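A look at the structure
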Amino acid sequence: MGSVFASLRAWVRARLGLDARERERASALALQRRFELVLEVGGFGVWEFDRPRRTIMADARCLALLGLPEGLLEFKPEDWLARVVDEDREAALRRARRWLDEAGALSLRFRVLDRAGRRRWLNAEFSPRRDSDGRHVGVLVDVTDDMALGAERERALRRAELAVSVARGYFF
């Protein structure tokens, strides 16, 4: 009797497409986990700009990078701009406004103070595409270490140039 019910259950599941739906659901969950792993490994925060409502929704990593409170569900562009350091604020605002007007891709590098009060360099990338509701999706990543390496490289090049110019005075 048990095998009859098992066979009947399998037949019903197949007719209703339950096994296929479960496989699709498992595949979608696996894809979502891989995507989340990529974001975590890359240190990316994800944010979404809802143009009609002028609000930004962000994941926990993005909120932390921007120095915004944990658990914040959405915030206004003005809240983001207030986190940008004074020296970068005007240029960031100008680029963001131009992006809103042109609706192209945006790559924006700016500094903020994180929750611990440390100055961090962030890079924001926004897609020019938006969904049917007018929302744009972007990523945010901390590039502070890259900026420090670039600055160190520049200092090393200046020291090398100085050494070459001094050496020329002695040998040529």
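Structure's up top.
Criteria and thresholds
- Residues numbered from 1 in each chain as written.
- Predicted model: local features only at pLDDT ≥ 70, side-chain atom pairs only at ≥ 80, totals over all residues.
- Heavy atoms only, no water.
- Helix = DSSP H or I, 4+ residues; strand = E, 2+ residues; numbered from the N terminus.
- Contact = heavy atoms within 4.5 Å.
- Areas by Shrake-Rupley, 256 points an atom, 1.4 Å probe, with all protein chains shown as cover.
- Phe/Tyr/Trp six-rings, centres within 6.5 Å; stacked < 30°, edge-to-face > 60°.
- Buried < 20%, exposed > 50% of the residue type's maximum accessible area, 1.4 Å probe, protein only.
- Pairing = 2+ DSSP bridges.

1. Topic: the overall build of the protein
- What the protein contains, in helices and strands, is six helices and five strands.
- Scanning the protein from its N terminus toward the C terminus, one meets helices and strands in the order α-α-β-β-α-α-α-β-β-β-α.
- Long-range contacts, defined as pairs at least 24 residues apart, comprise 42% of the intrachain contacts of the protein with a sequence gap of at least 6.
- Counting every atom, the protein has about 12000 Å² of accessible surface; 57% of that belongs to carbon and sulfur.

2. Some words on the packing of aromatic side chains
- Tallied over the full model, the rule gives two aromatic pairs.
- Arranged with centres 5.5 Å apart and planes meeting at 85 degrees, the rings of Trp80 and Phe110 form a pair that is edge-to-face. Placement of Trp80 in helix 4 (residues 77–83) and of Phe110 in strand 3 (residues 106–113) is noted, with a sequence separation of 30 residues between them.
- Note on Trp80: relative accessible area 7%, which makes it buried.
- Ring-pair connections join several aromatic residues into one group, and the members of that group are Trp47, Trp80 and Phe110.

3. Considering the environment of Ala92
- Take Ala92: it is sitting in helix 5 (residues 86–102).
- Not counting residues within four places of it along the chain, the set of residues in contact with Ala92 comprises Trp80, Val84 and Leu108.

4. What about the pairing of strand 1 (residues 45–50)?
- Both strand 1 and strand 5 (residues 135–142) contribute to a ladder of six bridges, which runs antiparallel. Bridge pairing links Glu48 to Val137 in strand 5.
- Here strand 1 runs beside strand 2 (residues 55–58); their pairing, made up of four bridges, is antiparallel. Counted as the bridge partner of Glu48 is Met57 from strand 2.
- Counted along the chain from strand 1 to the antiparallel partner strand 2, the turn is four residues long, and its residue Arg54 has a positive phi close to 55 degrees.

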